[in-house]
Amino acid sequence: MGLFKRKDNQIRPSSKSNKSINSSTGSMTRSQLNMAIMEMLNLTQSTHGCDYVCRGNPITDTGKRKQLFKMLSVVLLPMAILIGMTGNVFLITVKNFIEAKETRSALSFSVELGQMMRFLQRERDMSALYVSAIGPDTKEFLLKRYPDTDMALENLSHWPVSKKNNRQEFQSKDRFLLFLNRHRYQLDLYNRTAKEELFFYTDVIDVFITWLYDAVSEARSGAIWKTLVAYQEIIVASEYIGRERGLGVTYFALGGFKAKEDYLLFLEAQDIANITFQSCRRYSELAYNLYEVQMLQNDLVLAPVRAMRLNIRSNKSAQLAGSLDKANEWFDNMTVYQDIVRGTQRALANKIDIMLTAKSDEDVYTIITIACIFGVIMVVCPLVIIGVYFLTSEIQKYSISIANRTKALNKEKKRTDTLLYQMLPKSVAERLKCNEQVEAEQYEQSTIFFSDIVGFTKISSSSSPLQVVDMLNSLYTCFDERIEMYDVYKVETIGDAYMVVSGVPRHNGKQHASEIAKMAFDLVRRLRHLEIPHLPGIKFTLRIGCHSGTVVAGVVGNKMPRYCLFGETVSVASKMESLGKANKIHLSETTYDILTSIGGFTMHERKDNIAKNDPDLQNAFKGIVRTYWLAEVDGTETDTDSVQTEPEEPHERVAGSKSFWLH
């Protein structure tokens, strides 16, 4: 039906059918086509290997590209290697520059965050002192710490939100400040212990320490990574010194620890701080040297700290009375000590920043140099390419003409192949194209499908020829689209007859019956929605017959070859269709047995004697004739009651179709 097109609701022959197709040219291989072009131009191909590599074939389009590629390779290959090496260095340098910038930003943020942690630690110590010895003096000390913490929080340049932390109070700066103020206001309402206050602030500070770790760890820094690890260790040591200070304030304010756990927490904080400093020394001698310098400069101030530490470690609470003055003295001295540690942290941050700045300046210089080299290469490369292009311009003007002709030949070949595959199976067509003899072949297992339109003679008599063509085109176009979904081959359409086979020419075991049954069932269901174009409201009705058996297939004719089927199976399948009923799928006993062995199909035996008394079927089945109706496929029923059908009439064939059924 592809030879017709619709125009103004009429069927007209398609203009595509007027184009000639040169099958001999379309079947030529690329090597044959190349040889034909060479002979046409009276040129000979070189068989010498060296000539092929050095010169190539300047005539064909492929040879032209090869020649141009060879000439450009000699010049551009070394240049491409240089560009690759330079580009690799450029990317590494840019990456290092970006990493250094990120590291500097992380260091700057860590200094801001460290300042806020410092004030949070002081607030923690004063809060623990306040709940340990509630009074106007301790309350005043605590209230002085609140503004410092709030100011440090406000001075943070940004507020990172870690995906690892799902706590709502840390999702923004305002939420955290609200969370902190709520705790401050509720301090007098609940009888909190010093230990609870220490744990509350320590939990908050641990979150900020995690942020510091993430900020510094994500900023990869290359050669100075050990110094950054030492920087992190100093931050951790400062926090544990703050915990030691808070526990010591409680100790001197109350005259001792209320529980053994508090004493153990003090020892743990002091020991971890010392161990962290030793770890810092292993990673960076510079960090430890800066710490030692700060310690020597404040040796007189730190002497009382050592004495008070020994006092707390001895834990002689029975000999010590609670004293706010002693607690303040401990707090002030430990604050000086912690400031020394923080001073070391800031000095180390400055050293790292100087190192990163120097490295960034070096990277910038490298980037500028490489950019200049790239600029020169980008200028030289086009000049080289243009020069080579002009050298091959004479060859190219011949190649363009040859390439266009080759494309036209390939296009015509595709058209020829498409038309040939519509007339013959692809496997058979390929053998014919290779000038191979296609012998007739017997297929032991196959199933044949026949269908025709019920009342076609009556419909044709009341319709114009163009309306009949339009009707058949709409029906068989729908059929052609649906059968593409199944392992079947469309043999032929003659008039209103439609013939399909499965198992030929491709063997598919016993699945041929299943494929035909499913296809037939699908076509019947599709007919529910398909109306006759020039008779609105009237739908197509079909008679369908199927039979399985042995067939012989072969190509008949030379001028217009056709792929035809022969054998008794074809005649029986035709009889099954002609003796069928409207919109019902009539199956022979052979097909029934195969479908039963496969499963998934519901079939009912035909009860009337129309098929049983047919002499042709009695001769084919040796006297006993049993036929069946296909009712369900995988649980889906056919709906024939909803389809209007014509009264049964004698089955007539269009002229010229009789020879087909005798196959």
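Residues numbered from 1 in each chain as written. Predicted model: local features only at pLDDT ≥ 70, side-chain atom pairs only at ≥ 80, totals over all residues. Heavy atoms only, no water.

**Structural notes on the overall build of the chain**
Note the cut-off: Secondary structure follows DSSP: runs of H or I at least 4 residues long count as helices, runs of E at least 2 residues long count as strands, and numbering of each begins at the N terminus. Each residue is assigned to one of three classes by its accessible area relative to the maximum for its type, calculated with a 1.4 Å probe on protein chains only: buried under 20%, partly exposed between the two thresholds, exposed over 50%. Residue burial considers only the protein chains on display, and all accessible areas are found by Shrake-Rupley using a 1.4 Å probe.
Along its length, the chain carries 21 helices and 11 strands. For the chain, buried positions account for 44% of its 663 residues. On the chain, roughly 35400 Å² of surface is accessible, and the fraction owed to carbon and sulfur atoms is 56%.

**What about the pattern of salt bridges?**
The line we're drawing: We count a salt bridge whenever a side-chain nitrogen from Lys or Arg sits within 4 Å of a carboxyl oxygen from Asp or Glu.
Under the criterion given, the structure shown has 26 salt bridges. Here Glu239 ties to Arg243 by a salt bridge, and the two come within 2.8 Å at their closest N and O atoms. Here Glu239 and its partner Arg243 are both found in helix α8 (residues 225-254), four residues apart, which amounts to about one turn of the helix. With a relative accessible area of 1%, Glu239 lands in the buried category. For the salt bridge of Lys575 with Asp616, the shortest nitrogen-to-oxygen distance reads 3.4 Å. Residue Lys575 is located in helix α18 (residues 568-578), and its partner Asp616 is located in helix α20 (residues 615-620); the two are separated by 41 residues in the primary sequence. The class of Lys575 is partly exposed, set by a relative accessible area of 24%.

**Some words on the pairing of strand β3 (residues 441-453)**
Selection criterion: Strand pairing is assigned whenever DSSP identifies at least 2 bridges connecting the two strands.
Bridge count between β3 and strand β6 (residues 542-556): 11 bridges; the pairing is antiparallel. Residue Glu441 lies in a different strand from β6, and its bridge partner there is Ala553. Looking at chain direction, β3 and strand β5 (residues 497-502) are connected through five bridges and run antiparallel. Among the inter-strand pairings, Phe449 is bridged to a residue of β5, identified as Val500.

**With respect to unusual backbone geometry**
Omega for the bond connecting Val504 with Pro505 falls within 30 degrees of zero, at -5°, which places this linkage in the cis form. Here Pro505 lies in the loop between β5 and α17 (511-526). Even without a glycine there, the phi angle at Asn583 is positive, about 55°. The residue Asn583 is located in the loop between α18 and β8 (584-588) in this model.

**As for the UniProt feature "transmembrane region" (unreviewed entry) in the chain**
The condition is simple: UniProt positions are given in the numbering used here, feature names are shortened, and annotations may be inferred rather than shown by experiment.
The residues that UniProt annotates with the feature "transmembrane region" (unreviewed entry) are residues 74-94 and 364-391. Taken as a whole, residues 74-94 contains 100% helix and 0% strand, while its terminal C-alpha atoms sit 31 Å from one another. Regarding residues 364-391, the helix share stands at 100% and the strand share at 0%, and the terminal C-alpha atoms are separated by 41 Å.

**A short note on the packing of helix α10 (residues 285-297) against helix α12 (residues 324-391)**
We apply this condition: Lines fitted to C-alpha atoms define the axes, with helix axes restricted to the stretch in contact, and inter-axis angles between N-to-C directions lie between 0 and 180 degrees. Between 65 and 115 degrees an angle is taken as roughly perpendicular, under 35 as roughly parallel, over 145 as roughly antiparallel, and anywhere else as oblique. By definition, any crossing whose near helix is turned counterclockwise from its far helix by less than a right angle is left-handed, and any crossing with a clockwise turn is right-handed. Working rule for contacts: check all heavy atoms of both residues, and any pair within 4.5 Å makes them a contact. Here the nonpolar group is Ala, Val, Leu, Ile, Met, Phe, Trp, Tyr, Cys and Pro; Asp, Glu, Lys and Arg are the charged ones; every other residue, Gly included, is treated as polar.
It is at 9 Å that the axes of α10 and α12 come closest, and there the two elements cross at 140°. For the element pair α10 / α12, the angle class is oblique. Here the hand of the crossing between α10 and α12 comes out right-handed. Seen from α10, the contacting residues are Leu286, Ala287, Leu290, Tyr291, Gln294 and Met295; seen from α12, they are Tyr337, Ile340, Val341, Thr344, Ala347, Leu348 and Lys351. Class assignment of the residues belonging to the contact of α10 with α12 gives a composition of 10 nonpolar, two polar and one charged.

**Points about the nonpolar core**
Where we set the bar: Only buried residues count toward a nonpolar core. Its members are Ala, Val, Leu, Ile, Met, Phe, Trp, Tyr and Cys residues joined through side-chain atoms within 4.5 Å.
Ranked by size, the top nonpolar core spans 77 residues in total, and within it Phe176, Phe208 and Tyr337 carry the most contacts. Here the element with the most residues in this core is α8; it accounts for 14 residues. Residues within four places of Phe176 in sequence aside, it is in contact with Leu153, Trp159, Glu169, Phe170, Val204 and Phe208. With 40 residues, the next largest nonpolar core counts Cys478, Val488, Ile532 and Tyr628 among its residues.

**A few points about the packing of aromatic side chains**
Defined as follows: In summary, the pairing rule links any two rings of Phe, Tyr or Trp, Trp by its six-membered ring, whose centres are within 6.5 Å, and it sorts them by plane angle into stacked for under 30 degrees, edge-to-face for over 60 and tilted for everything else. The rule for a charge over a ring is simple: NZ of Lys or CZ of Arg within 6 Å of the ring centre, and within 35 degrees of the ring normal.
On inspection of all chains with the given rule, the structure shows 18 aromatic pairs. Ring geometry for Trp159 against Phe208: centres 6.0 Å apart, planes inclined by 85°, an arrangement best described as edge-to-face. In this pair, Trp159 is assigned in the loop between α5 (136-154) and α6 (173-185) and Phe208 in helix α7 (residues 194-218), connecting sequence segments 49 residues apart. Accessibility expressed as a relative area gives 0% for Phe208, which makes it buried. Ring geometry for Tyr592 and Tyr628: centres 3.8 Å apart, planes at 5°, overall stacked. Of the two residues, Tyr592 sits in helix α19 (residues 589-598) while Tyr628 sits in strand β10 (residues 627-633), which places them 36 residues apart along the sequence. In this structure Tyr592 comes out as partly exposed when scored by relative accessible area, which is 22%. According to the relative accessible area criterion, Tyr628 is buried, its value standing at 7%. One cation-aromatic arrangement involves Arg118 over Phe119; the distance from NZ or CZ to the ring centre is 5.7 Å.

**Looking at the confidence of the model for the chain**
Short version of the rule: A residue's pLDDT is the predictor's confidence in that residue, given on a scale from 0 to 100.
For the chain, mean pLDDT is 76; residues scoring 70 or higher make up 81% of the total. Segment residues 40-45 is flagged for pLDDT under 50; beyond a separation of four residues in sequence, or across chains, it makes nine contacts in the model. pLDDT under 50 marks residues 640-663. Its contacts with residues more than four places away, or in other chains, come to 45 contacts.

**Re the side chain of Asp262**
In this structure, Asp262 sits in helix α9 (residues 260-283). If sequence neighbours within four positions are ignored, Asp262 has contacts with Lys195, Leu247 and Phe257.

**Some remarks on the pairing of β5**
Most of β5 is tucked away, with six of its six residues classed as buried. Residues Ala497, Met499 and Val501 point to one face of β5 and Tyr498, Val500 and Ser502 to the other, with burial holding for every one of them. As defined by bridge partners, strand β4 (residues 489-494) adjoins β5 across five bridges and the pair is classed as antiparallel. Bridging across to β5, Tyr489 finds its partner in Val501. A loop of two residues connects β4 with β5, the two strands running antiparallel in sequence, and Gly495 in this loop sits at a positive phi of about 65°.

**Focus on the packing of α8 against α12**
Orientation of α8 relative to α12, taken along the N-to-C sense of each, is 175°, at an axis distance of 9 Å. The orientation of α8 with respect to α12, classified from their angle, is roughly antiparallel. When its residues are assigned to classes, the contact of α8 with α12 shows 18 nonpolar, eight polar and four charged.

**Quick word on a nonpolar patch on the surface**
Selection rule: Patches here: salt-bridge-free residues with over 30% relative accessible area, like charges joined within 9 Å, nonpolar side chains (Val, Leu, Ile, Met, Phe, Trp, Tyr) joined within 5 Å.
There is a patch of nonpolar side chains on the surface, built from Val376, Val379, Val380 and Leu383 and spanning about 350 Å² of accessible area. Secondary-structure assignment places Val379 in helix α12.

**Considerations on α17**
As a reminder, the rule being used: Here a helix's expected span is defined as the number of its residues, less one, multiplied by 1.5 Å.
When the terminal C-alpha atoms of α17 are compared, their 22 Å separation across 16 residues agrees well with the 22 Å that a helix rising 1.5 Å per residue should span. α17 sits mainly inside the fold: 12 of its 16 residues count as buried. By the burial criterion, the buried members of α17 are His512, Ala513, Ser514, Glu515, Ile516, Ala517, Met519, Ala520, Phe521, Asp522, Leu523 and Val524.

**Considering the environment of Phe266**
Tracing the chain through its elements places Phe266 in helix α9. For Phe266, a relative accessible area of 0% translates into the label buried. Between the alpha carbons of Phe266 and Gly246 there is a distance of 9.0 Å; along the sequence they are 20 residues apart.

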